[in-house]
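# Analysis of the macromolecular model
Chain by chain, the residues:
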Amino acid sequence: ALGLFKGWMQLRFDGSAKTCIRSLNTIHGSKTSKAAALDKTQWVEACYLAGYPDDAGIVFDLMDWECDGKVTVKELKCLDNWPSPAEWLLARPNEEAAEAFRDCLTRKYSNSVKAWCVGIDTLNTGRVTWQEFKRAALRLHFKEDI
């Protein structure tokens, strides 16, 4: 959720927490809160009106780390210092593509254990990085959303 919000904030507000909270605070043309501290209802409505496509309530719950029922620029500033999230954190779930990838693996390797050991986890570490996963998709000539 935070990765998607950070990506949206970068596109919509040039990645600045200060610009984001000021814009959300004045989304109706006048300040919603004099202190630019938005409660959950104000936050969710402002994010919706600004075009945030996901559940702003979840973002609010994660960002209200002072647990005072408000999100402020101070709380959002941690996102300013967070490097751009990894590509896979910003991706939307795609069940159809996941199923197509599993089908592709099954056609090539016959069973899931062989697919994992030979096709995906080629370094035999028991885990794969995003780059390793993408290479596996390339080796399979998988053209859909990964």
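Residues numbered from 1 in each chain as written. Predicted model: local features only at pLDDT ≥ 70, side-chain atom pairs only at ≥ 80, totals over all residues. Heavy atoms only, no water.

### Describing the environment of Ser 84
On the secondary structure map, Ser 84 appears in the loop between helix H5 (73–81) and helix H6 (87–90). Among the residues examined, Ser 84 registers a relative accessible area of 52% and is labelled exposed. Sequence separation of Ser 84 and Gly 15 is 69 residues, and the distance between their C-alpha atoms is 9.5 Å. (Helix = DSSP H or I, 4+ residues; strand = E, 2+ residues; numbered from the N terminus. Buried < 20%, exposed > 50% of the residue type's maximum accessible area, 1.4 Å probe, protein only.)

### Comments concerning a nonpolar patch on the surface
On the surface, Trp 88, Leu 89 and Leu 90 cluster together into a nonpolar patch covering about 270 Å² of accessible area. Mapped onto the elements, Leu 90 comes out in helix H6. Take Leu 90: its relative accessible area is 32%, and that puts it in the partly exposed class. (Patch = residues over 30% accessible without salt bridge, like charges linked within 9 Å, V, L, I, M, F, W, Y side chains within 5 Å. Areas by Shrake-Rupley, 256 points an atom, 1.4 Å probe, with all protein chains shown as cover. Salt bridge = Lys/Arg side-chain N within 4 Å of Asp/Glu carboxyl O.)

### Some points on the pattern of salt bridges
With the rule as written, the count across this model stands at three salt bridges. With a closest N to O distance of 3.0 Å, Glu 66 and Lys 74 form a salt bridge. The exposure class assigned to Lys 74 is exposed, which follows from its relative accessible area of 52%. Its salt-bridge partner being Glu 99, residue Arg 102 comes within 3.0 Å of it at the nearest N-O pair. Of the two residues, Arg 102 and Glu 99 are both situated in helix H7 (residues 95–109); the distance of three residues between them amounts to about one turn of the helix. Taking the relative accessible area as the measure of exposure, Arg 102 reaches 42% and is therefore partly exposed. Its relative accessible area of 38% is what places Glu 99 among the partly exposed residues.

### Observations concerning the side chain of Thr 72
Tracing the chain through its elements places Thr 72 in the loop between strand S2 (70–71) and H5. Thr 72 sits in the buried class, given a relative accessible area of 17%. Not counting residues within four places of it along the chain, the set of residues in contact with Thr 72 comprises Ile 21, Ala 36 and Ala 37. (Contact = heavy atoms within 4.5 Å.)

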